[in-house]
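Report on the structure
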Amino acid sequence: MGGCVAEATEVSVAGEAAPQFVQGMGLFSATAIVMGSMIGSGIFIVSADMSRSLGSPALLIAAWLVTAVMTIIGALSYGELAAMMPKAGGQYVYLREALGPLWGFLYGWTLFLVIQTGTIAAVGVAFGKFLGVFFPSVSGQHWLWHIGHVPAWPVGPMVLGNMDIGLNTANLAAIVVITLLTILNTLGVRMGAAVQNVFTSAKVLALAGVVLVGLLAKNATAVAANFGVGWHAFWSGAGWHTVHAVQVGVGGPTAYVGLFTVVAVVQVGSLFSSDAWNNVTFTAGEIRNPKRNLPLSLAIGTGVVLLLYVLCNFVYLSVLPLAGDAGATTIVGRGIQFASEDRVATAVMESAFAGIGAKLMAAAILVSTFGCVNGMLLAGARVYYAMSQDGLFFKSVGKLSAKSKTPVNSLWVQWGWTCLLCLSGSYGQLLDYVIFAVLIFYMLTIGGLFVLRRTRPDAVRPYKALGYPVLPGLYIVMAMWISAVLLRYKPQYTWPGLLLVLLGVPVYWMWSRSQRGAVAQA
């Protein structure tokens, strides 16, 4: 983590030195990207919906522990690939090298179309909504240009459409933030990393503050309801033979499932809140000593964030009863299950600091979402750059700025599509659809670890995946179980995601044919 900067040069076809990435990030900055990309607004919200399905304090913690185990195993497995191939593009490169260019492209296609850009749009609009706590005129209902409403369109177990298109003050705030951070990231990786370091540090302190508040502001009613004498109440509803009601699809029949199935069903919330830890691999070309710092940043970043996430959920259980009444007029009466607008962390802060708790939490979420948007903007552009270098994306996207050594064109293409998603109002629905696809790509990438061990046994591996082959194999088994459960019980989250991925196949053939034609002409 010294102050020296390594710069590589190569000679272009025209004989001029082509600009190359600057290795301007050390371990701290790399870890800040891991943590900053993971912590958005999900941890402050999703436990409400999860608790409505689980109905048990023990199962709520168990669900987050499953997420923690899977994420940390995934990060440790990616560490081997990252140290072996420390190149810009990260996961795209791993899939390309292990399984072939089609699989790499399908990942990059889905990342650009929805995963990265949709997440940036959703987190940006969340920033706008929480900004409304301080400035009421900033609202999703305050329209500046309302183009129209797309009516709901039921398709089997799914409901498409049902969204408003246009510019309101909330998505305007999102677009302003996304534009500002895109400009900052075009100035160089050091600028983007500096912003990330500051805001990640602030949001980690904010999460730690929520944990501290929970320790100091325990509610006797909540403790009795969620833990009881000898933790008897904690285990209520978590028996091996207890059945849980799960609605199949949207408006579908109710199915009654066991412990393992219901914990898998709610992973939609906890896994999504813990996602984007892989973003640091996209920036591998700009990290000093990546063979050491990439695996370390993945392990440290995921470990710290998931510890804080589990502690936060214990805090929620210490301040609010899990069970609640949607019609109750008090914070304690609504509980975790029916916290106002699912804002569990806000309810906790209001219990501790009546009158100002909501504003304190809103300020923390503003910091968190701002940092999350920055980290994802910085990282995502490097994947499209790598795709362009392979002839699988717009040619101009594969160029670096001679001055800042950053993929400026890639950053602006990402900006344009993200802003369109903000205006369309479709980002939330699209994100629901790709959670399953994200899980599939994680499985494929970790499967690629096994493939590369077989096909490239002599490749230099500065770090080898901890617990190989048992832990990576365990990840694949757990992910396959969750995927099977989601296919069965949450088809609205699975089949559309698969369709979006498969739409990339004809696009791949188009790009690859175009690339072959360009090579033949040359």
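All residue numbers here refer to positions counted from 1 along the written sequence of the relevant chain. Confidence filtering applies because this is a predicted model: local features only for residues at pLDDT of at least 70, side-chain atom pairs given and counted only at 80 or more, and all residues used for totals across whole chains, interfaces and linings. Only heavy atoms go into the side-chain values, all of them from the structure, while hydrogens and water stay out.

1. Focus on the overall build of the chain
- Secondary structure elements follow DSSP: runs of H or I no shorter than four residues count as helices, runs of E no shorter than two count as strands, and numbering proceeds from the N terminus. Of regular secondary structure, the chain possesses 20 helices and eight strands.
- In terms of principal-axis extent, the alpha carbons of the chain reach across some 75 × 55 × 50 Å.
- With a 1.4 Å probe rolled over the protein chains alone, any residue whose accessible area is under 20% of its type maximum counts as buried; one over 50% counts as exposed, and the rest are partly exposed. Looking at the 522 residues of the chain, the share that counts as buried comes to 56%.
- Taking contacts inside the chain between residues at least 6 apart in sequence as the whole, the part at least 24 apart equals 77%.
- For the area figures, the Shrake-Rupley method with a 1.4 Å probe applies, and any residue is considered shielded solely by the protein chains shown. Accessible surface, the chain: about 20,900 Å² in total, of which carbon and sulfur atoms supply 67%.
- His is not counted, nor are the chain ends, whereas Lys and Arg count as positive and Asp and Glu as negative. For this purpose, a charge sits on NZ of Lys, CZ of Arg, CG of Asp or CD of Glu. Averaging the positions of the 27 positive and the 16 negative side-chain charges in the chain gives two centres separated by 5 Å. Here a residue-residue contact requires only that any non-hydrogen atoms of the pair lie within 4.5 Å.

2. What about helix α2 (residues 47-54)?
- All buried positions along α2 are accounted for by Ser47, Ala48, Met50, Ser51 and Leu54. Looking down the long axis of α2, one finds its buried residues gathered within 160° of arc, a one-sided arrangement.
- Each element contacted by the buried residues of α2 is listed here: α3 (57-84), β7 (244-247), α9 (259-265), α10 (267-273), α12 (290-319) and α14 (344-352).
- Positive phi appears at Gly55, one or two residues downstream of α2, with a value of about 65°. Taken from the helix axis, the directions to the C-beta atoms give the arc we talk about.

3. Concerning the pattern of salt bridges
- Note on definitions: salt bridges are taken to be side-chain nitrogens of Lys or Arg within 4 Å of carboxyl oxygens of Asp or Glu. In total, this model carries nine salt bridges according to the counting rule given.
- As a salt-bridge pair, Asp342 and Arg52 come within 3.0 Å of each other at their nearest N and O atoms. In this pair, Asp342 is assigned in the loop between α13 (331-334) and α14 and Arg52 in helix α2, connecting sequence segments 290 residues apart.
- With a closest N to O distance of 2.7 Å, Glu286 and Arg382 form a salt bridge. Of this pair, Glu286 sits in the loop between α11 (279-282) and α12 while Arg382 sits in helix α15 (residues 357-389), and the two are 96 residues apart along the sequence.
- Looking at Glu286, the relative accessible area reads 0%, which means it is buried.
- Judged by relative accessible area, Arg382 falls into the buried class, the value being 0%.
- Shared partners join several salt bridges into a network, and the residues in it are Arg96, Glu97, Asp390 and Arg456.

4. Thoughts on a nonpolar patch on the surface
- A cluster of nonpolar side chains, namely Leu144, Trp145, Ile147, Leu172 and Val176, defines an oily patch on the protein surface of about 500 Å² accessible area.
- Sorting the residues of the nonpolar patch by element identifies β5 (143-155) and α6 (169-186) as the ones contributing at least two each.
- When residues in the nonpolar patch are grouped by element, the largest group, three residues, is from β5.
- Within the secondary structure, Trp145 sits in strand β5. Residues form patches when they are more than 30% accessible in relative terms and have no salt bridge. Like charges link within 9 Å. Nonpolar side chains (Val, Leu, Ile, Met, Phe, Trp, Tyr) link within 5 Å.

5. A few points about the packing of α6 against helix α16 (residues 408-424)
- Note on geometry: axes are C-alpha line fits, over the in-contact stretch for helices, and angles between N-to-C directions span 0 to 180 degrees. α16 packs onto α6 with a crossing angle of 175° between their chain directions and a minimal axis gap of 10 Å. As far as their axial angle goes, α16 and α6 are roughly antiparallel. Residues Asn171, Ala174, Ile175, Ile178, Thr179, Thr182, Ile183, Asn185 and Thr186 of α6 form the contact with α16, whose own contacting residues are Val408, Leu411, Trp412, Trp415, Thr418, Cys419, Cys422 and Leu423. For this classification, under 35 degrees means roughly parallel, over 145 means roughly antiparallel, 65 to 115 means roughly perpendicular, and everything else is oblique.

6. Digging into the packing of α2 against α3
- Between α2 and α3, whose axes approach to 9 Å, the crossing angle comes to 120°. Considering the angle they form, α2 stands oblique to α3. α3 is crossed by α2, and the crossing has right-handed handedness. Each of Ser47, Met50 and Leu54 in α2 lies in contact with α3, whose residues at this interface are Leu59, Leu60, Ala63 and Trp64.
- When residues are grouped by polarity, Ala, Val, Leu, Ile, Met, Phe, Trp, Tyr, Cys and Pro land in nonpolar, Asp, Glu, Lys and Arg in charged, and all others, Gly among them, in polar. Grouping the constituent residues of the contact of α2 with α3 by class yields six nonpolar, one polar and no charged. Crossing handedness: left-handed means the near helix sits turned counterclockwise from the far one by under a right angle, and right-handed means the same turn made clockwise.

7. A short note on the environment of Arg488
- Structurally, Arg488 is set in helix α18 (residues 470-489).
- Among the residues examined, Arg488 registers a relative accessible area of 47% and is labelled partly exposed.
- A sequence separation of 284 residues divides Arg488 from Val204, and the C-alpha atoms of the two residues are 36 Å apart.

8. A closer look at the confidence of the model for the chain
- Confidence of the predictor at the level of single residues is given by pLDDT, which spans 0 to 100. Residues with a pLDDT of 70 or more make up 94% of the chain, whose mean pLDDT is 90.
- For residues 1-14, every residue scores under 50 in pLDDT, and the model assigns this stretch 25 contacts once sequence neighbours within four places are set aside.

9. Some points on the packing of aromatic side chains
- Only rings of Phe, Tyr and Trp enter the pairing, Trp through its six-membered ring, and a pair is recorded when the two centres are within 6.5 Å. The plane angle decides the type: under 30 degrees is stacked, over 60 is edge-to-face, the rest tilted. Counted according to the given criterion, the structure contains 29 aromatic pairs.
- Ring centres of Phe199 and Phe370 lie 4.6 Å apart, and the angle between their planes is 40°; this geometry places the pair in the tilted category. Residue Phe199 is found in helix α7 (residues 189-216), and its partner Phe370 is found in helix α15; the two are separated by 171 residues along the sequence.
- What makes Phe199 partly exposed here is its relative accessible area of 24%.
- Residue Phe370 is classed as buried on the basis of its relative accessible area, which comes to 13%.
- Taken together, a centroid distance of 5.1 Å and an interplanar angle of 10° make the contact between Trp277 and Tyr442 stacked. One end of the pair, Trp277, is in the loop between α10 and α11; the other, Tyr442, is in helix α17 (residues 427-455), and 165 residues separate them in sequence.
- Three or more aromatic residues joined by ring pairs make a cluster, and in this case those are Phe112, Tyr384, Phe393, Phe394, Trp417 and Trp511.
- Here, a charge over a ring means that NZ of Lys or CZ of Arg falls within 6 Å of the ring centre while also lying within 35 degrees of the ring normal. The side chain of Arg343 reaches across the aromatic face of Phe130, ending 4.4 Å from its centre.
- A cation over an aromatic ring shows up here: Arg453 above the ring of Tyr468, its NZ or CZ 3.9 Å from the ring centre.

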